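Each chain, written out:
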Amino acid sequence: MTPRTETRILATPLVLFLLALLGFPTILNLVYSLSEVSFETLRAPRIEGFGNFADVLGDGAFWGSLWFSLRFGALTAVAEVALGLFLAVFLSPILRRHSWLLAILTLPMMVAPAMMGLMYRLVLHEFVGPLPHYLFAWFGSSPAFLGPANVFRTVVVIEVLQWTPFALLLFHLAYEAIPGEIREAARMDGAKGWRMFRKVEFPMLLPTFGVALAIRFIDGVRVFDIIYVLTGSGAGGSTMSLPIYIYTSFFKGGDIGKALAASVLFAAASFLLLALAWRFIGRRRPA
Amino acid sequence: MTALRWAVLVLFALLFNAPLIATLSTSFKPPGEIMGNPGLWVNSPTLANYAAVLTVSDRLNVYAHLWNSLAAATIGAVLPLLLCLPAAYAVARRGWGQRVFLPLVVNLRAIPLIIFALPLYLMYQVLHLLDTRLGLGLILAVVNLPLTMAILVNAVADIPLEIDEAAAMDGARAGRVLRRIVLPLCRPALVTAFIFGFITAWNEFLFGLMLTTSKAVPMTVGASFFFASGGAGVQWGVAAAVIVVAALPPVVLGLLMYRQIARAMMAGAVKG
């Protein structure tokens, strides 16, 4: 057996697995999105061209959900990264000595987003929820957190509270990895406090900045669990993210072709975003 | 300044974990207290809610959900290790697939998996994998592939070249080198990938929701059904206990294995 053959054999199981679980579905995606198909005619789709894509692109709800996802992704990513960076740097003297505190701060990341959503249904409930209870007790009123006027803000804040720890952790690890000599040298040159951070430390955190922003943006755009359990698609579709749109067209609307066309468009948009993100971060990894 | 730092730390630790604290508190309240006392303090703590959760009823069989989650998450965490270790060796030592295959797998993390969920549903229907633990486990394995691959490629690349070269000189085949040398040396990385994969798989919701209906429903989805079926008459104490039970395993694992988790996150961020 030549080394070349051997190498191929080593990689074969993974390649086959991916072909079966992602390659085949991708082909199904493409075929069905171009077909007229329903749950009854699943095995005999009739190719009919780009009608499904026209349906999706003509659907106001699709554009609404795209706008929601982009806005949600951008807002949460920026807030999480800003807050995470602040906490990592501001708390670094404490965290350096008591690193177990990081386990407490990053605990929310271990909670399933769907369970986090259910917890907030309890926390925000107008009769049994602690938050409205305390707001009533202290201020005499409490907003309808999940009402149409506030629901967007509410889900953004919830997402930020759950995932800021992720940015915090990345920045903490990157900040601690800055070599001591660099800080020492800068101190010799008279840099300290804010100047030290801005001129010396922040530039060294920039790669982490890009990575954290990109990861959180992508995760924000594809948000599903937390919104599904909290609001469904929300009052009048006010919290319909792209994945929620795809899910509801498939399972509630029963419009398979349209749902698949939407997911093909989503896939294309994701690849585009990904390419842009890597260009923005400015390096093509991996390994 | 130090006092201010501590104050900020305590404030955010409480803020981030507030929903957990509130849910824990509610789960210990008797039914009579929940309406009258929505605050965080429990006046007359009880374990009745947990007793109700652990009793099988027609609304909730918690053992079935836990078993489904355990089985599917185990498949979802172990299978990527088996698939990725040989492939990682091919990538790191033989230079295979570095230009196209590896970036493709690692960047899967950034692709919204719902785009595969619908065709998988149709495919599973034909293959009779809908509503099975195996079917759910297989797709959870896909979810975990990118990070497992990143972690294992790094781990294999970190093994000193001389060690496996010496073995190769002695005429050992790749399979043998892999079993005798790479596998033991990669054990810490395998543990890290397993723990992170298990937590991710346990916490997954979308595929559980779409690909299971009754027999293989995982704990996260079961908990949300419990909420939904309650309608106006949600028993909040029992519901809170259900959430705690569903959220607890990954949280405990996360607290115990905090260092491994941080390492896994880092691998994903640097290589992702």
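Below is a summary of the structure that appears in this document. Please read these numbers as outputs of a predicted model, since none were measured by experiment.

**Things to note about the layout of surface pockets**
At step 1: Within this model, the second largest pocket holds a volume of roughly 550 Å³.
At step 2: Forming the boundary of the second largest pocket are 23 residues, of which Tyr120, Val123, Leu124 and Leu131 of chain A together with Leu15 of chain B lie nearest the centre.
At step 3: Those elements that place two or more of their residues in the lining of the second largest pocket are helix 6 (113-123), helix 7 (130-139) and helix 8 (151-176) of chain A together with helix 1 (2-27) of chain B.
At step 4: Broken down by element, the residue count for the lining of the second largest pocket peaks at 6 residues, all from helix 1 of chain B.
At step 5: Partitioned by chemical class, the residues of the lining of the second largest pocket number 20 nonpolar, 2 polar and 1 charged.

**Regarding helix 6 of chain A**
At step 1: Most of helix 6 of chain A sits out of view: 9 of its 11 residues are buried.
At step 2: Buried residues of helix 6 of chain A: Ala114, Met115, Met116, Gly117, Leu118, Met119, Tyr120, Leu122 and Val123 of chain A, and no others.

**Here we look at the pattern of salt bridges**
At step 1: Under the definition given, this model contains 10 salt bridges over all chains.
At step 2: Across the pair Glu201 of chain A and Arg183 of chain A runs a salt bridge, and its minimum N-O distance is 2.6 Å. You can see Glu201 of chain A sitting in helix 10 (residues 193-221) and its partner Arg183 of chain A sitting in helix 9 (residues 180-188), a full 18 residues away along the chain.
At step 3: The buried category is assigned to Glu201 of chain A, whose relative accessible area is 5%.
At step 4: Classification of Arg183 of chain A as buried rests on a relative accessible area of 15%.
At step 5: Residues participating in the shared-partner salt-bridge network are Glu80, Glu159, Arg216, Asp219 and Arg222 of chain A together with Arg109 of chain B.

**Some thoughts on the packing of helix 9 (residues 174-185) of chain B against helix 10 (residues 187-203) of chain B**
Residue and element names in this part refer to chain B.
At step 1: Interhelical geometry of helix 9 versus helix 10 gives an angle of 60° and a closest axis separation of 4 Å. In terms of their interaxial angle, helix 9 and helix 10 are classed as oblique. On helix 10, the residues touching Leu183, Pro184 and Leu185 of helix 9 are Arg187, Pro188 and Leu190.

**Quick word on the nonpolar core**
At step 1: Formed by 197 residues in total, the largest nonpolar core has its most connected members in Leu14 and Met115 of chain A together with Ile139, Met149 and Val182 of chain B.
At step 2: Setting aside its immediate chain neighbours within four residues, Met115 of chain A contacts Thr220, Ala223, Ile243, Ala246 and Ala247 of chain B.

**Considering the interface of chain A and chain B**
At step 1: Each side of the interface is counted separately: chain A has 97 residues, and chain B has 92 residues.
At step 2: Here chain A packs against chain B, burying approximately 8700 Å² in sum over the two surfaces, 80% of which is carbon and sulfur.
At step 3: For chain A, the biggest contributors to the area lost against chain B are Leu10, Leu14 and Met110 of chain A; these three give 8% of the whole.
At step 4: Scanning the region where chain A abuts chain B turns up 2 salt bridges.
At step 5: A salt bridge links Arg94 of chain B to Glu6 of chain A; the shortest N-O distance between them is 3.0 Å.
At step 6: Here the side of chain A that touches chain B gets 19 residues from one element, more than from any other, and that element is helix 1 (residues 3-33) of chain A.
At step 7: Looking at the side of chain A that touches chain B residue by residue, the class counts come to 77 nonpolar, 12 polar and 8 charged.

Cut-offs and rules
Residues numbered from 1 in each chain as written. Chains lettered and ligands numbered in written order. Predicted model: local features only at pLDDT ≥ 70, side-chain atom pairs only at ≥ 80, totals over all residues. Heavy atoms only, no water. 1 Å grid on protein atoms, 1.4 Å probe; cavity = no way out; pocket = protein on both sides within 12 Å on 5 of 7 lines; lining within 4 Å. Points joined across faces, edges and corners; volume = space filled by probe spheres on them. Helix = DSSP H or I, 4+ residues; strand = E, 2+ residues; numbered from the N terminus. Nonpolar A, V, L, I, M, F, W, Y, C, P; charged D, E, K, R; others polar. Buried < 20%, exposed > 50% of the residue type's maximum accessible area, 1.4 Å probe, protein only. Salt bridge = Lys/Arg side-chain N within 4 Å of Asp/Glu carboxyl O. Axes fitted to C-alpha atoms, helices over the stretch in contact; angles between N-to-C directions. Parallel < 35°, antiparallel > 145°, perpendicular 65-115°, else oblique. Contact = heavy atoms within 4.5 Å. Core = buried A, V, L, I, M, F, W, Y, C linked by side-chain atoms within 4.5 Å. Buried area = accessible area lost by both parts, 1.4 Å probe.

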